[in-house]
Amino acid sequence: MQQYWLLKDDLPDIFQQFPAISYNEEFGQGTFRIAATDLGKIFDFLKTHKSYPMDMLTDITAVDYLSGDYAERPNLTGREEDLYSESRYDLVYHFYSVSKNKRIRIIASCGGENPAVISSYKWWQAAHFLEREVWDMFGIKFENHPDLRRVLLYEEFEGHPLRKDYPTMGEQPRIPLRNPEHDNA
Amino acid sequence: MPEYTLPDNIITTKLDQFIGWARSYSLWQYVFGTACCAMEFMSVSASHYDTDRFGAAMPRYSPRQADMLMIVGTITHKQAPVLRRIWEQMSDPKYVIAVGACAVSGGFYRNYATVQGADRIIPVDVYVPGCPPRPEMILDGIMALQDKIRKTKQVL
Ligand code: SF4
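A brief look at the structure comes next. (Residues numbered from 1 in each chain as written. Chains lettered and ligands numbered in written order. Predicted model: local features only at pLDDT ≥ 70, side-chain atom pairs only at ≥ 80, totals over all residues. Heavy atoms only, no water.)

1. Comments concerning the overall build of chain A
Helix and strand counts for chain A come out as three helices and seven strands. When its helices and strands are written in sequence order, chain A yields α-β-β-α-β-β-β-β-α-β. Overall size of chain A, expressed as C-alpha extent along the three principal axes, is 70 × 35 × 35 Å. Every one of the 185 residues in chain A was classed for burial, and the buried ones make up 45%. Across chain A, contacts joining residues at least 24 apart in sequence account for 56% of those joining residues at least 6 apart. For chain A, the accessible area works out to roughly 10300 Å², and carbon and sulfur atoms hold 50% of it. Computed over 21 positive and 30 negative side-chain charges, the inter-centroid distance for chain A is 6 Å. (Helix = DSSP H or I, 4+ residues; strand = E, 2+ residues; numbered from the N terminus. Buried < 20%, exposed > 50% of the residue type's maximum accessible area, 1.4 Å probe, protein only. Contact = heavy atoms within 4.5 Å. Areas by Shrake-Rupley, 256 points an atom, 1.4 Å probe, with all protein chains shown as cover. Lys, Arg positive; Asp, Glu negative; His and termini not counted. Charge placed at Lys NZ, Arg CZ, Asp CG, Glu CD.)

2. Observations regarding the interface of chain B and chain A
Tallying the contact residues gives 15 residues for chain B and 21 residues for chain A. Between chain B and chain A, the buried area comes to about 1600 Å², and carbon and sulfur atoms account for 61% of it. In terms of surface lost to chain A, no three residues of chain B exceed His77, Tyr112 and Arg120 of chain B, which account for 46% of the buried area on that side. Our enumeration of links across chain B and chain A arrives at one salt bridge. A salt bridge links Glu171 of chain A to Arg110 of chain B; its shortest N-O distance comes to 2.6 Å. Taken together, chain B and chain A are joined by seven residue pairs in polar contact (both at pLDDT 80 or more). (Buried area = accessible area lost by both parts, 1.4 Å probe. Salt bridge = Lys/Arg side-chain N within 4 Å of Asp/Glu carboxyl O. Polar contact = N/O pair within 3.5 Å; in protein donor to acceptor, adjacent residues only side chain to side chain.)

3. A few points about the pairing of strand E5 (residues 102-110) of chain A
Residue and element names in this part refer to chain A. By the criterion of burial, E5 is predominantly enclosed, with seven of the nine residues buried. Summarising the sheet, strand E2 (residues 29-35) and E5 pair through five bridges and their orientation is parallel. Considered in E5, the bridge of Arg33 is made with Ile107. Pairing analysis gives nine bridges linking strand E4 (residues 89-97) to E5, with the strands arranged antiparallel. When the bridges of E5 are listed, Val92 appears paired with Ile107. A loop of four residues connects E4 with E5, the two strands running antiparallel in sequence, and Asn101 in this loop sits at a positive phi of about 55°. (Pairing = 2+ DSSP bridges.)

4. Quick look at the pairing of strand E1 (residues 28-33) of chain B
All names here are of chain B. When E1 meets strand E2 (residues 58-59), the two strands line up parallel, connected through two bridges. Along E2, the bridge assignment pairs Gln29 with Pro59. Read as a crossover between parallel neighbours, the route from E1 over helix H2 (residues 37-45) to E2 is right-handed. Where E1 meets strand E3 (residues 68-72), five bridges bridge the pair, whose relative direction is parallel. Counterpart to Gly33 in the pairing with E3 is Val72. (Right-handed = clockwise from strand over helix to strand, strands pointing away.)

5. Digging into the side chain of Ser85 of chain A
Turning to its location among the elements, Ser85 of chain A is positioned in the loop between strand E3 (56-64) and E4. Leaving out residues up to four positions away in the same chain, Ser85 of chain A has contacts with Leu76, Gly111 and Gly112 of chain A.

6. Examining the environment of Val155 of chain B
Tracing the chain through its elements places Val155 of chain B in the segment after helix H5 (135-151). The class of Val155 of chain B is exposed, set by a relative accessible area of 65%.

Right, dumping it as structure tokens:
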């Protein structure tokens, strides 16, 4: 079976350039975890890689680990002081090399009071909407993004609904709602 | 002229019932199809199930020409002002059918995005449950609305 995912042995040079990188492998898919400050450098590295140039950005998304139910974040337990933890969110990037038919997954943690990382728009223009969506849902800012607005929700919406501290049923109606049981027209 | 002298081909009725009969068979619909239920609705209005039989075969894509609003699919808070405005643009008499669990009550969506039933925005005449409803159920909903129109007092 052909291996679509880039594994540890395919990229020896990534470990030389980024000594702090960590790697794990599940179900035949490799995951490279780096520091958020290294993101700009790794975008350069992947886009101009000699054997596997990553010319396509397939997806950016994020995970909120606030609630403490996850083995990946034993230090987070959903307490108030964890809200601004530096490792609260994971940003997940998926890249695809069209010419080599290979994929790679990069994960970087971020957090703090105003979570922000560098935008990948300069390298891949597909990042425009993907980063707007992550901003919309998780409130992670992307620096140097040309037009970081909400993309799915409306402008008046307050907060970011996929954060674990957003109320599960927190609706924000744009017009006054009727109460059908009491005022039937 | 006394009634018993009328010829056989003349029928007498009440004005309300006559207008109700006419209105119930000339439902021009505006289809507000927003989600998967709209797929089901396409098969209802196509020839196999055929809403034409009930005088409801004329989808108008301008709310000003329609008198039956069919809400077919999930209504989000982002869309709510649009739906409200479409309903306000329709001229009287106007009727509303909510098709599918989402339009009836929000369905299985209970989150930041979904309005918990179209009747939180506009008054609804007939509710058709199901996810999605069978075509027969939508036809049944149209017949229930016709029944309702025939039995109500007609506002002129
Ligand atoms: S009721 Fe079911 S089929 Fe209809 S719009 Fe909602 S989810 Fe889709």
